[in-house]
Amino acid sequence: MDDPRDYPEVIKSIPLIPLRELVVFPSTLVPFIIGRPSSVQALEKAMEKNKMVFLSTQMDASLDNPSQRDIYSIGVIAKVIRAVKTTNKNIKIVVEGKRRARIIEFLSSYPFYQVLAKELKEIEVDDTEIRDLLKRVLTLFEDYLKLSQNTSFESIIPALRDNTPNRIADIIASHLYLPLEEKQNLLETVNSLERMRRLNFVLENEILKIHSKLRRDGRKSSRAKFPFGESGTKVLPPGVSYKKEEQPSEIEELREKVTKAKMPKDAEDKANKEIERLESMPPMSAEATVCRNYLDWLIALPWNKKSREKRDLKEAERILDEDHYGLEKVKERILEYLSIRQLVKNPKGVILGFIGPPGVGKSSLGRSIARATGRNFVRLSLGGVRDEAEIRGHRRTYIGAYPGRIIQMVKRAGTKNPVFLLDEVDKMSMDFRGDPAAALMEVLDPEQNSTFLDHYIDTDFDLSQVMFIVTANMLEPVPRPLIDRMEVIRLPGYTEDEKLQIAKKFLLPKQMKAHGLKGHNLKVENKAFVKLIQEYTREAGVRNIEREITSICRKVVKSVVNKGKSYVDKVTSKNLEKYLGIPKYRRAEVDKRDEIGAAIGMAWTEFGGELLTFEVTKVHGKGNFTLTGHLGEIMQESAQAAFSYVKGKIYELGISKDLHKNFDIHIHVPEGATPKEGPSAGITIATSIISLLSGIPVNKNVAMSGEITLKGKVLSVGGIKEKLLAAHRAGIKESILPLDNQPDLKDMPKKIKEDMTIHLVENMDEVLKIALKGKFPSTPKKQKDKIVVSSEISEKKNGGEGPEEPSITH
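Residues numbered from 1 in each chain as written. Predicted model: local features only at pLDDT ≥ 70, side-chain atom pairs only at ≥ 80, totals over all residues. Heavy atoms only, no water.

Concerning the overall build of the chain
So, point 1. Looking only at helices and strands, the chain features 28 helices and 24 strands.
So, point 2. Across the 810 residues that make up the chain, the buried fraction comes to 50%.
So, point 3. Entry remark: accessible area of the chain is about 39,900 Å², with carbon and sulfur atoms responsible for 49%. (Helix = DSSP H or I, 4+ residues; strand = E, 2+ residues; numbered from the N terminus. Buried < 20%, exposed > 50% of the residue type's maximum accessible area, 1.4 Å probe, protein only. Areas by Shrake-Rupley, 256 points an atom, 1.4 Å probe, with all protein chains shown as cover.)

A word on the packing of helix H10 (residues 313–323) against helix H12 (residues 362–373)
So, point 1. With their axes 8 Å apart at the nearest point, H10 and H12 run at an angle of 155 degrees to one another. Here H12 runs roughly antiparallel to H10, going by the angle between their axes. Here H10 runs over H12; the crossing is right-handed. Along the contact surface, H10 presents Ala316, Ile319, Leu320, Glu322 and Asp323, while H12 presents Ser368, Ile369, Arg371 and Ala372.
So, point 2. Considering only residue class, the contact of H10 with H12 consists of 5 nonpolar, 1 polar and 3 charged. (Axes fitted to C-alpha atoms, helices over the stretch in contact; angles between N-to-C directions. Parallel < 35°, antiparallel > 145°, perpendicular 65-115°, else oblique. Left-handed = near helix turned anticlockwise from the far one by under 90°. Contact = heavy atoms within 4.5 Å. Nonpolar A, V, L, I, M, F, W, Y, C, P; charged D, E, K, R; others polar.)

Focus: the environment of Val702
So, point 1. Along the chain, Val702 turns up in strand E20 (residues 702–704).
So, point 2. Linking Val702 and Ile758, residues 56 residues apart in sequence, is a C-alpha distance of 9.5 Å.
So, point 3. Those residues within four positions of Val702 in sequence are excluded, and the remaining contacts are Ile600, Ile732, Glu734, Ile736 and Ile770.

Brief notes about the pattern of salt bridges
When charged atoms on two side chains of opposite charge get close, those side chains can pair.
So, point 1. Applying the stated criterion across every chain yields a total of 38 salt bridges.
So, point 2. Ionic pairing is found between Glu274 and Arg396, a salt bridge with its closest N-O pair at 3.2 Å. Separated by 122 residues along the polypeptide, Glu274 in helix H8 (residues 265–279) and Arg396 in the loop between helix H13 (389–392) and helix H14 (405–413) bring together distant segments of the chain.
So, point 3. Put simply, Asp323 and Arg371 hold a salt bridge, and the shortest N to O gap is 2.9 Å. With a gap of 48 residues between them, Asp323 in helix H10 and Arg371 in helix H12 connect regions that are remote in the sequence. (Salt bridge = Lys/Arg side-chain N within 4 Å of Asp/Glu carboxyl O.)

Quick look at the sheet that holds strand E8 (residues 377–381)
In a beta sheet, neighbouring strands pair by backbone hydrogen bonds and run either parallel or antiparallel.
So, point 1. The 5 strands lie next to each other as E8-E9-E12-E7-E13, forming an open sheet whose pairing is parallel. Two strands bound the open sheet, and with one partner strand each, they are E8 and strand E13 (487–490). In this sheet, neighbouring strand axes are inclined to one another by 20 degrees on average, regardless of whether the strands run parallel or antiparallel.
So, point 2. Across the face of the sheet, helix H11 (residues 328–343) comes into contact with strand E7 (351–355), strand E12 (467–472) and E13 while running at roughly 145 degrees to E13. (Pairing = 2+ DSSP bridges.)

Some points on a positive patch on the surface
So, point 1. On the surface, a cluster of positive charge is contributed by Lys306, Arg308, Arg311 and Lys345.
So, point 2. When you line up the elements, Arg311 lands in the loop between helix H9 (286–300) and H10.
So, point 3. Note on Arg311: relative accessible area 33%, which makes it partly exposed. (Patch = residues over 30% accessible without salt bridge, like charges linked within 9 Å, V, L, I, M, F, W, Y side chains within 5 Å. Lys, Arg positive; Asp, Glu negative; His and termini not counted. Charge placed at Lys NZ, Arg CZ, Asp CG, Glu CD.)

Details of a negative patch on the surface
So, point 1. Taken together, Glu317, Glu328, Glu332 and Glu336 make up a surface patch of like negative charges.
So, point 2. Among the elements that line the negative patch, the one with the most residues is H11, at 3 residues.
So, point 3. For Glu332, a relative accessible area of 48% corresponds to the partly exposed category.

Remarks on a nonpolar patch on the surface
So, point 1. Judged by side-chain polarity, Ile340, Leu343 and Val344 come together as a nonpolar surface patch covering roughly 300 Å² of accessible area.
So, point 2. Following the sequence through the fold, Val344 ends up in the loop between H11 and E7.
So, point 3. Given a relative accessible area of 39%, Val344 falls into the partly exposed group.

So, the packing of aromatic side chains
So, point 1. Throughout the structure, instances matching the rule amount to 6 aromatic pairs.
So, point 2. Of note, Lys411 hangs over the ring of Trp297, and the distance from its end group to the ring centre comes to 4.1 Å.
So, point 3. Directly above the aromatic system of Phe663 lies the positively charged group of Lys618, at a separation of 4.6 Å from the ring centroid. (Phe/Tyr/Trp six-rings, centres within 6.5 Å; stacked < 30°, edge-to-face > 60°. Lys NZ or Arg CZ within 6 Å of the ring centre and 35° of its normal.)

Let's talk about the confidence of the model for the chain
So, point 1. Of the residues in the chain, 85% have a pLDDT of 70 or more, and the chain-wide mean is 79.
So, point 2. Across the chain, element-level confidence peaks in strand E3 (residues 52–57) with a mean pLDDT of 93 and bottoms out in helix H28 (residues 806–809) with 32.
So, point 3. Predicted confidence for residues 1–7 stays below pLDDT 50, and this span has 2 contacts to residues more than four positions away or in other chains.
So, point 4. Contacts of residues 219–248 to residues separated by more than four positions or lying in other chains number 79 contacts, the stretch itself having pLDDT below 50. (pLDDT = per-residue confidence, 0-100.)

Observations regarding unusual backbone geometry
Trans peptide bonds make up the majority, and among non-glycine residues the majority have a negative phi.
So, point 1. Between Tyr110 and Pro111 the backbone carries a cis peptide bond, its omega angle lying at 0 degrees.
So, point 2. Along the chain, Pro111 turns up in the loop between strand E5 (91–108) and strand E6 (114–119).
So, point 3. The phi dihedral of Asp458 is positive, around 60 degrees, even though this residue is not glycine.
So, point 4. Relative to the elements of secondary structure, Asp458 occurs in the loop between strand E10 (452–453) and strand E11 (460–461).
So, point 5. Judged by relative accessible area, which is 37%, Asp458 ranks as partly exposed.

With respect to the nonpolar core
So, point 1. If you look at the biggest cluster of nonpolar residues, it comprises 56 residues, and the most contacted ones within it are Phe420 and Leu422.
So, point 2. Apart from residues lying up to four places away in sequence, Phe420 is in contact with Val378, Leu380, Ile406, Met409, Val410, Val466, Met467, Phe468 and Ile469.
So, point 3. Core analysis: the second largest hydrophobic core is formed by 51 residues, Leu320, Leu522, Phe529 and Val571 among them. (Core = buried A, V, L, I, M, F, W, Y, C linked by side-chain atoms within 4.5 Å.)

A closer look at the pairing of E3
So, point 1. A large share of E3 lies buried, amounting to 6 of its 6 residues.
So, point 2. Residues of E3 alternate between two faces, with Met52, Phe54 and Ser56 on one and Val53, Leu55 and Thr57 on the opposite face, all of them buried.
So, point 3. Across 4 bridges, the pairing between strand E1 (residues 10–19) and E3 is parallel. The residue bridging Leu16 from the neighbouring strand is Phe54, located in E3.
So, point 4. As judged from the 4 bridges shared by E3 and strand E4 (residues 74–85), these two strands associate in the antiparallel manner. Note that in E4 the partner of Leu55 across the bridge is Val76.

Regarding helix H21 (residues 633–653)
So, point 1. The end-to-end C-alpha distance of H21, which contains 21 residues, comes to 29 Å, matching closely the 30 Å that a straight helix rising 1.5 Å per residue would cover.
So, point 2. The largest bend in H21 amounts to roughly 30 degrees and is located at Lys647. (Expected span 1.5 Å × (residues − 1). Bend = angle between axes of the 7 residues up to and from the residue.)

Describing H8
So, point 1. For H8, spanning 15 residues, the distance from its first C-alpha to its last is 21 Å, which sits close to the expected 21 Å at 1.5 Å a residue.
So, point 2. When we look at burial in H8, the residues that qualify are Ala267, Ala271, Glu274, Ile275 and Leu278. Taken end-on, H8 shows its buried residues confined to a sector of 105 degrees, consistent with a single buried face. Among the exposed residues of H8, those pointing more than 90 degrees away from its buried face are Lys265, Lys273 and Glu276. (Arc of directions from axis to C-beta.)

Structure follows, in structure tokens:
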């Protein structure tokens, strides 16, 4: 009995897609583009069922609507592997040829061809002749590929491995560049031996044509690259056949976009060169996708698009005042820049550096500046960035390469002159992949950024008209050359009066609007704001104040929902605890008891100014010195210098002459979990030790900051404004600062100058007179006596120190 599988399968109804200049063979994957409405509808029909289509080549490629007579009757039944919609209603599809088949009957021709097809049974011959012929064909095919130099034979070996002679013949035929009729002839040859003989003849003929062409051109065959065949078809990567039906329109569209983009000449040349490469590639190849992505980036960049700037100074000032309270120095700088724009047509871009603690308005100020100048605004957070390619981009040779974040943000802005905020520049790090801070130096240098080169774009882009704003909490982690490229403006924090105005005029209305409250629903007294600022927050900025106001609003919203929209609530200093709970901080006056061996120092952190209490005690021992409280190396050295200064003053001040024999000194700074660093605690530590040894208490209304030398001189320190703001918040009435820091007091808020007495000192003698509440047992002394005591010290100390100078010369 006959096996039913020996009979060809008749497929009752299958959609037909006519192909132009393309023959699909069984056992091959082929990408091509369809765009004709009938072809698209045939594809949609196939996708609804089993994804099977009949592919047959039309005899005349110029016909848009071929008739039944214009389509070859023998084609391939294929399965649609992938279909992707593109622009202009085209669809890119990838099909896999399954079996040869013949059209028995056209069932319908509208809206697409539907045919009755019968599978053709291939005649397979398995004998010695076909095996010998296969070896010959493979050798000729390898020579053919070597001459073409478009690909290597090794890359096609995986497709040929473990296949029958039938399948191998089809795969080789699909890789040859032959006239359409010749390829169709190979497809229609169902006898495998005949097809192999035909392939052998075709390959010998093509190789002869190549050699004769080379002899005519006088070139060596090893360097030959030219179109094959008499038809003059372009050489394409082997193994890929595709329909060029919609390719020209895509290429023309890209050329138009490049022209409209008005690129510089170098960029336009690169774009046109890339379009030429794209034109010779199969649309679905990986390389074509890379080319398209690159062209899309070049076209999308704002080479010549600019925002129309606002130059009305009064309007800009109104916007800045509307968004932020205070910050006069920053506002003045922006208005100066806009004034320059009135006189100079194309000044260089501005690079501002906003340095200050969190919550003082650095980032929001950038957005406000963009609004005031009429520019677009983009923000790039640099926190955690540690790869140089994040800034400059990856070269296109890498898989998945993209431009750097700078170019990405400029593209997002849509103009070449946006306000560009580089946020948290001090949080960048570096590793083996490079230093992003070094890459930023070109971006932020007005002399260089007009020719910024991104590795991916690979052509110069002008960043000179961008207004860069860099923000950081601390300057120390930022490289010095980077700081040198920006105009640093410090935002130290707000006084209590400024916080009160910000809370009333900005934060409360903002949160009431966010929570859906009307003006009559919630009233907050000034005294309630003051209590909230003093007892519920302790910060340089206003973030926590806004958080607490949000808590109040939430509770009021709940009452409004329960009791009706006419509900009115009034927050006073007395009922504030009902909304926010127990105060988190107590006012510093509670601790204002003068103590022996305890002094208040002013510190500066990335979160603003802080007050630190330095406590000193002595225990029985042998003159050792102990430091605790998570102190950094610089602060420990500063404490050692202060202790050495005090030991040099023991005899002069008449205090604890037996210190080096009977006692150990222990210095502790509370809040031991918090790291502390810097030299500015020198005079505070020295004052605490002298207070302990002399038994004279330190005035708790005095806070101090200054570096000490072994000779008792007081050197300048940083962060003066932040430190004084912290002291003012804590209710300190007097402060001691180095005389060299006098210029830093010019920008001090008027409120601080009125409420606080600021002492400027040059040496420790002046510090002790102000800070200690009492006189030393041995004072007053004559100058001669001091010299004598100093001489005694030098005799007892192995002659190493010599006479003490600071107390005489100052």
